[in-house]
Amino acid sequence: MEFFQTIYDEFLSFFGVGSWLKMFKSGDYSALLTWDGIRSAMSPLIPLLLIIEIARASFYKRFKIDNYKISFLIIVFNRFIGRYLSFAMVALCIGLFEKYAIITTTPTWYWFLYGYVVWELAHFVYHYLGHKVRLFWCLHSTHHAPEDMNLSVTYAHFFLEAPYADIIRTTICILLGVNPVLLFLIMFIDGTWGALIHVGENILKDGRLGFLHKIILTPSHHRVHHAKNPLYMDTNFCNLLNIWDHVFGTLQHEKKEVPMEYGITREMNPGNFWDVYFGEFYALAKDIRKAPGLKNKLLYIIMPPGWNHTGDHKTAKIVKKEFLDTSDAQPVVNVS
């Protein structure tokens, strides 16, 4: 009975309805006046949209269980083995680095704007490294493995990715003086938006969001980020504000003449949990084993995916250059 109670509690926790049930039973809604209460009240939003997405897909006969199966398996796996690691890393980094901050900020609106710009820089750094360092790609690739874009993809992460991401993001933010109170608020807003931009065509066919497409990173931008087409590889690393993609030249708009193909370029079985979750680690281990000399073995760990000790590189940068050299396609960075 304890096992089934645990499963039930996890179900309520994932769908965010536990706090609502408690308030409804007690009739006491004072928790909504606190930060934790607001966060708990917002937590059912993404799971609710996910249910709507699945229902619409089923109604229009576009639902495929394979598009959701692995993501849900990953949710269950991660909930039991990595639930508290990310929060612990955030707290650790604040404790270690707050005293070394270059400036001191306060919870005000202008420092909030500063903090958000800094947060997006920190997110860009983490996300860029996740695509450009082979070891970090092993952590991040689980998120890119699904071959369909839907809200369940937001939960498809290797359990160690969030802790490593938060070490990088929190450290940068704290050293650049982002107030911890503002940081948690920014993380909540950014996390909510980061989930929403995974919405699939079953809910939002055109993910450009009108004029917002020119101002922020929209679901359309993030669909581009998840595509494995050469034109779309390694683009749109920001999460909400696209300022740093503009600065570093990684902003890429969706092109209707280049339909997106989701997934990763490595040959894999997207319906196999172990391949999706551990496949990149296995591929890296094989490359390290066959590499001659310690230097090449280390380079496989830190160089971009596709790097090869023979010089026959297939990195995203090279693949994209070859594609652009042999086609009329050009990156689109200045139009909607």
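About the cut-offs
- The numbers attached to residues start from 1 for each chain and follow its sequence in the written order.
- Thresholds applied to this predicted model are a pLDDT of at least 70 for local features of residues and 80 or more for the giving and counting of side-chain atom pairs; totals over whole chains, interfaces and linings are not thresholded and use all residues.
- Processing note: side-chain calculations cover all non-hydrogen atoms of the structure and skip hydrogens and water entirely.
- Strands are runs of DSSP state E lasting at least 2 residues, helices are runs of H or I lasting at least 4, and numbering of each runs from the N terminus.
- Burial here depends on accessible area, computed with a 1.4 Å probe over protein chains only, as a share of the maximum for the residue type. Under 20% is buried, over 50% is exposed, and the range in between is partly exposed.
- Any two residues having at least one pair of non-hydrogen atoms within 4.5 Å are treated as being in contact.
- Here, Shrake-Rupley sampling with a 1.4 Å probe gives the accessible areas, and only protein chains in the shown set may cover a residue.
- Lines fitted to C-alpha atoms define the axes here, with helix axes fitted over just the stretch in contact, and angles between the N-to-C directions of these axes take values from 0 to 180 degrees.
- Small angles under 35 degrees read as roughly parallel and large ones over 145 as roughly antiparallel, with 65 to 115 read as roughly perpendicular and the rest as oblique.
- Throughout, a crossing is termed right-handed when the near helix is turned clockwise from the far one, and left-handed when it is turned anticlockwise from it by less than a right angle.
- Two N or O atoms form a polar contact when they lie within 3.5 Å of each other; inside protein one atom must be a possible hydrogen donor and the other a possible acceptor, and for residues adjacent in sequence the pair counts only when both atoms belong to side chains.
- Grid points spaced at 1 Å over the protein atoms alone were grouped into cavities, where a 1.4 Å probe fits but cannot get out, and pockets, open sets with protein on both sides within 12 Å along at least five of seven lines, with lining residues defined by an atom within 4 Å of a point.
- Grid points are joined across faces, edges and corners, and a volume is the space filled by probe spheres set on the points.
- In this count, Pro and Cys sit with the nonpolar residues alongside Ala, Val, Leu, Ile, Met, Phe, Trp and Tyr, while Asp, Glu, Lys and Arg are called charged and the others, Gly among them, polar.
- Think of a salt bridge as a Lys or Arg side-chain nitrogen and an Asp or Glu carboxyl oxygen that are within 4 Å of each other.

Peer 1: Which parts of the structure should I look at to understand the overall build of the chain?
Peer 2: When helices and strands are counted, the chain shows 15 helices and zero strands. Out of the 336 residues belonging to the chain, those deemed buried represent 46%. When contacts within the chain are restricted to residue pairs at least 6 apart in sequence, those whose partners lie at least 24 apart make up 70%. With the model as given, the accessible surface of the chain reaches about 17800 Å², and the carbon-plus-sulfur share is 67%.

Peer 1: Before we go on, may I ask you to explain the packing of helix 13 (residues 273-290) against helix 14 (residues 293-302) in this structure?
Peer 2: To characterise two packed helices, one gives the angle between the axes of the helices and the distance between these axes. Where helix 13 meets helix 14, the closest approach of the two axes is 8 Å, and the angle between their N-to-C directions is 160°. Of the possible angle classes, the one that applies to helix 13 and helix 14 is roughly antiparallel. In this structure, helix 13 meets helix 14 at a crossing whose hand is right-handed. The residues of helix 14 that touch helix 13, namely those facing Leu284, Asp287, Ile288, Arg289 and Lys290, are Lys297, Tyr300 and Ile301.

Peer 1: Mind showing me how you'd approach the environment of His131 here?
Peer 2: Considering the arrangement of structural elements, one finds His131 in helix 7 (residues 109-132). The class of His131 is buried, set by a relative accessible area of 6%. Each C-alpha atom of the pair His131 and Ala316 lies 9.0 Å from the other, and the pair is 185 residues apart in sequence. Sequence-distant contacts of His131, that is, excluding residues within four places in its chain, are made with Trp137, His140, His144, His225, Asp234, Phe237 and Pro305. A distance of 3.0 Å separates the side chain of His131 from the side chain of Asp234, its partner in a polar contact.

Peer 1: How should the side chain of Glu254 be read in this particular structure?
Peer 2: As for its placement among the helices and strands, Glu254 is situated in the loop between helix 12 (243-248) and helix 13. On the accessibility criterion, Glu254 (13% relative accessible area) is buried. Among the polar contacts listed, one links the side chain of Glu254 to the side chain of Ser220, at a separation of 2.6 Å. When residues no more than four places from it in sequence are discounted, the contact partners of Glu254 are Arg208, Ser220, Val224, Tyr232 and Met260.

Peer 1: What is the right way to read unusual backbone geometry from this model?
Peer 2: For residues that are not glycine, phi is negative in most cases, and the peptide bond is trans in most cases. The residue Leu209 is not glycine, and still its phi comes out positive at about 60°. Owing to a relative accessible area of 28%, Leu209 belongs among the partly exposed residues under this scheme. Unlike most non-glycine residues, Asn236 shows phi in positive territory, near 55°.

Peer 1: Is there a simple way to think about the layout of surface pockets in this case?
Peer 2: A probe as big as a water molecule, rolled over the atoms, marks out the empty space that is left. Here the second largest pocket defines a volume of roughly 690 Å³. Along its surface, the second largest pocket is lined by 33 residues, and Trp137, Thr265, Arg266, Pro305 and Gly306 are the ones closest to its centre. Sorting elements by how many residues they give to the lining of the second largest pocket places helix 13 first, with eight residues. A class-by-class count of the residues in the lining of the second largest pocket yields 11 nonpolar, 10 polar and 12 charged.

Peer 1: Looking at this model, I keep getting lost on the pattern of salt bridges. Mind explaining?
Peer 2: Oppositely charged side chains are able to pair whenever their charged atoms sit close together. Scanning the entire structure with this criterion turns up 10 salt bridges. As a salt-bridge pair, Lys132 and Asp234 come within 2.9 Å of each other at their nearest N and O atoms. Here Lys132 is found in helix 7, whereas its partner Asp234 is found in the loop between helix 11 (219-226) and helix 12, with 102 residues between them in sequence. Like Lys132, the residue Asp234 is buried in the burial classification. Linking Lys290 and Asp287 is a salt bridge whose minimum nitrogen-to-oxygen distance equals 3.4 Å.

Peer 1: What am I meant to see in empty space enclosed by the protein here?
Peer 2: This structure, assessed with the given rule, holds one cavity of 30 Å³ or more. By volume, the largest cavity is sized at about 30 Å³. Considering the residues around the largest cavity, the lining is formed by His143, His144, Pro146, Asp148, Met149, Val153, His226 and Tyr262. Here the residues of the lining of the largest cavity are counted per class, giving four nonpolar, three polar and one charged.

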